[in-house]
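So the chains spell out like this:
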Amino acid sequence: MKIKRRKLFITMLAFILMVPSMPIHVLAANTTDTSDEIYTEDFSNQDLTGWEKDLGAGRFEVVNEQLEMETDGWVAGSIDYQQYHNTKAPEFKNARLSMDITVKNSHGRFGIVYRHIDAQNYDYIGYDVGGKWIRAEVRNGKKTEKELPVKLNVDNKKIRFSMEYVNENIQVIVDDTELYNGPHTDNDAGHFGLRTWGYTDNYAFIQVDNIEYEKLRENEQTEDGHYLVSFKDEDHTGGWGKVAGNGTMEYKDQAMNFAADGNTIYADAYSPNMENGFVEFEVTPKTSGRMGFLFRFNGENDFAGFGYDVGGSWQYITGNGKYGEVGNKGLKAGEKNTVRIEFINDNYRLTVNGDEVFNGPIDAFSTKAGKAGIRTWGYGSGDTQGQLDLHKMVMGEFSGVSLTPSSAIVRTGDAGLYDINIKISETNNALSKVTHEGKALEAGKDYAINDAATRLTLKKEYIKSLQKDTDSQTKVILEYEDGFKAEFPITVLATPQASDELYVKDFTKNMDGIKTVNAPKSHAPA
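Residues numbered from 1 in each chain as written. Predicted model: local features only at pLDDT ≥ 70, side-chain atom pairs only at ≥ 80, totals over all residues. Heavy atoms only, no water.

S.K.: I tried to follow the pairing of strand S9 (residues 121-127) on my own but got confused; where do I start?
M.R.: Along any regular strand the residues' side chains alternate between the sheet's two faces. By the criterion of burial, S9 is predominantly enclosed, with seven of the seven residues buried. Burial of S9 is two-sided: the residues Asn121, Asp123, Ile125 and Tyr127 facing one way and the residues Tyr122, Tyr124 and Gly126 facing the other way are all buried. One ladder, built from six bridges, connects strand S8 (residues 110-118) with S9; its direction is antiparallel. Within S9, the residue paired with Tyr114 across the bridge is Asp123. (Buried < 20%, exposed > 50% of the residue type's maximum accessible area, 1.4 Å probe, protein only. Helix = DSSP H or I, 4+ residues; strand = E, 2+ residues; numbered from the N terminus. Pairing = 2+ DSSP bridges.)

Pasting the structure below:
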C-alpha cells in the first residue's frame, strides 16, 4: 500500500508540459492542500488496514500480491452481497478511480463503490450477468439503479476499469470501451470501495490490483463557454502548480497567492492548450512589480508573456530570456486589477484595467499553442520580491480569420474613386460587426458582405470620408462572435493642396532655360 503526496504533482506537471498531447486529467491534484490527493494501492503486502466491512460474508484477503474478494452465500436470510470501503484513502467528491480487475467466474456480480458516506449512502457501478453494467445509488438504504447503454461481457477476463465523476456527471471506461458518459446523481465526498454479490451456487469472485485514486477539479466555465478558475473555494483552483524556482504558492481568502523567492514559474495544467485566444487575470499586486502573466506556456524555458516591473513598466518576456519594453501603465497596489492579453498568430494586445498598453506584432514570441502561467521574480526580500493574489482567470479561444490583402494604401486623389475588396478566409465564426474607431459601420452604406461572409467590400463613399488634410493611418476592425478581431489597416494619403505662391514665366520674348532634347523640326524653337 502506498500513498503519493503533493510532490508527485510537480513531477507530473513538468512532464505533461513537455508532452502537451497527454490527457490533462492525469494532473488531477492540488498543490495547495496538505492532504493526500493521489492514492495508489498495489497490495504488495498483506496489510489491509483501513478497509472496513459494511456487511456481508466471504473472503477478503491478499493472495499473491492481489486482493481477492469472494462472496459466500446469503447472510441473515436476505443480504446477498458483501461490501468494503477504504477509510485509509481520502474522501473525494470528484475523482478519477481506476483498477485492474480479474473476473474469476462466468456471471460477474461485482461493483466499484464511490462517494461512500456510510453503509446506507453511496453510489456504485456494477457488473451483472450477460455483460450488463449498471449505475446505482443508495440513499438511506434504498437502492435505485439504471442499466448502462453499452453491454460488455468480461466474464473470466482481466480488465482495466476506470471512471471519472465530477458533480452529477460520470464517465465509465473498461479497457478502451466507453460504457457511459453522462449524468448520474450528485452526492457529497466519500471513500471508494468494492462490492460483490451472488445467489445459489454462483457467487462473485474477483481479483483487484493497481488501484489509482486521484482528486479531480471541477472544470468551470463562463456563461459563454470560456475556461474559468474562480478560486471560490479549494475545489475551484484549476490545475495550478509550481514548475520551477523557490517561490511559494498558497490558497487563501478565495485567491491564490504567488510569492517570489528569486525567479519562480507557475502554470495551470488544466488550462486549454491554446494558439489563438485571450487570457484575463484578475489580480491584486502585493508588491510594486516583478510579476509576469504568461500564455502559450509549454515549460519553464518555453513561453510568451508580459512582465510588470517597478515604475509601471511593461515588457514582453519569453522563456528563452528575451525581453523588451512595450509600454507603461501602473497597476493599483493593494487593489484588484484586470490584465488581459489577446494573442492572434503573431499579433498581440495587452490591456490593463481596460486601457490599451500595447497592440502589435512581437517577433520574439513563439506562436506554438500552450497554457496559462504566472512568473514572479526579485532579489533580497520584501517589496523587492514579486508577489500577487490571483482572484480569477478566464481563458478563451479565438477562431481566427486571415484577410487578403492584409492592408491598403489609398493614393492622393484616389479616395472616393473605387471600392476596396477584402477576401476573408472561411470560418464557422460569425461576423458580428465591422467597426472603425469604436463605432459600428453601417452595412449597405459603408460596406457590403457576401452571403458566405468571405468577401467584404468597403464602399468608395466611405473611403472618401477617411481622407484628411494630412496623411492618415487608421484601422477597420472585423469583430466576430467569439471575440476575435481582425484588423485591416488603411493608409490614406492627404488631399492635394494648391500652393499659395505661383511662379510665372513669360516665353513671348525668348526661350531662355528651355533646351530641345528630341522633337520634330516643325516643333523646334525658331
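S.K.: What is the right way to look at the pattern of salt bridges in this model?
M.R.: Opposite charge on two side chains permits pairing when their charged atoms draw close. Under the definition given, this model contains 24 salt bridges. For Arg115, the salt bridge is made with Asp186, and the minimal N-O distance between the two is 4.0 Å. Here the residue Arg115 occupies a position in strand S8, and Asp186 occupies one in the loop between strand S14 (177-183) and strand S15 (191-199), the gap between them amounting to 71 residues. The partner of Asp235 in a salt bridge is Lys215, and the shortest N-O contact between them spans 2.9 Å. With a gap of 20 residues between them, Asp235 in the loop between strand S19 (227-229) and strand S20 (240-244) and Lys215 in strand S17 (residues 205-215) connect regions that are remote in the sequence. Put simply, Glu280, Arg340, Glu342, Arg349 and Glu356 are held in one network by salt bridges that share partners. (Salt bridge = Lys/Arg side-chain N within 4 Å of Asp/Glu carboxyl O.)

S.K.: Would you take a moment to explain the sheet that holds strand S35 (residues 408-410) for this structure?
M.R.: What holds strands together in a sheet is hydrogen bonding between their backbones, with the strands either parallel or antiparallel. Strand order in the open sheet made by the five strands is S35-S42-S41-S37-S38, with mixed pairing throughout. Edge positions in the open sheet fall to S35 and strand S38 (439-440), since each of these has one partner strand only. Strand direction decides the pairing type here: strand S41 (residues 472-480) and strand S42 (residues 485-492), joined by eight bridges, are antiparallel. Bridging from a neighbouring strand, Val476 pairs with Phe488 of S42.

S.K.: Please explain the sheet that holds strand S34 (residues 403-404) as it appears in this structure.
M.R.: Taking strand neighbours across the sheet as the criterion, the four strands line up as S34-S36-S40-S39 in an open arrangement whose pairing is antiparallel. One side of each edge strand has no neighbouring strand; the edge strands of this open sheet are S34 and strand S39 (447-449). Relative to strand S40 (residues 455-458), strand S36 (residues 420-424) is paired through four bridges, and the arrangement is antiparallel. Residue Ile422 lies in a different strand from S40, and its bridge partner there is Leu456.

S.K.: Would you mind going over unusual backbone geometry with me for this structure?
M.R.: What is expected of a backbone is that most residues other than glycine have negative phi and most peptide bonds are trans. With an omega of -5°, the peptide bond running from Thr404 to Pro405 counts as cis. On the secondary structure map, Pro405 appears in the loop between S34 and S35. One non-glycine residue, Asp253, lies in positive phi territory at about 55°. Mapped onto the fold, Asp253 is located in the loop between strand S21 (248-251) and strand S22 (256-259).

S.K.: Just to check I follow, could you spell out the environment of Ile170 for this structure?
M.R.: Considering the arrangement of structural elements, one finds Ile170 in strand S13 (residues 169-174). The buried category is assigned to Ile170, whose relative accessible area is 1%.

S.K.: Please clarify how the pairing of S36 should be interpreted in this entry.
M.R.: Burial along S36 is one-sided: the residues Ile420, Ile422 and Ile424 are buried and none of Asn421 and Lys423 is. Across two bridges, S34 lies against S36 in antiparallel orientation. When the sheet's bridge partners are listed, Thr404 is paired in S36 with Lys423.

S.K.: Quick question: what am I supposed to make of the side chain of Gln385 here?
M.R.: Note that Gln385 resides in the loop between strand S32 (371-376) and strand S33 (387-397). Classification of Gln385 as buried rests on a relative accessible area of 9%. Here Gly262 takes part through its backbone nitrogen, which lies 3.1 Å from a polar atom of the side chain of Gln385. Setting aside its immediate chain neighbours within four residues, Gln385 contacts Ala260, Asp261, Gly262, Thr287, Trp377, Gly378, Tyr379 and Gly380. (Polar contact = N/O pair within 3.5 Å; in protein donor to acceptor, adjacent residues only side chain to side chain. Contact = heavy atoms within 4.5 Å.)

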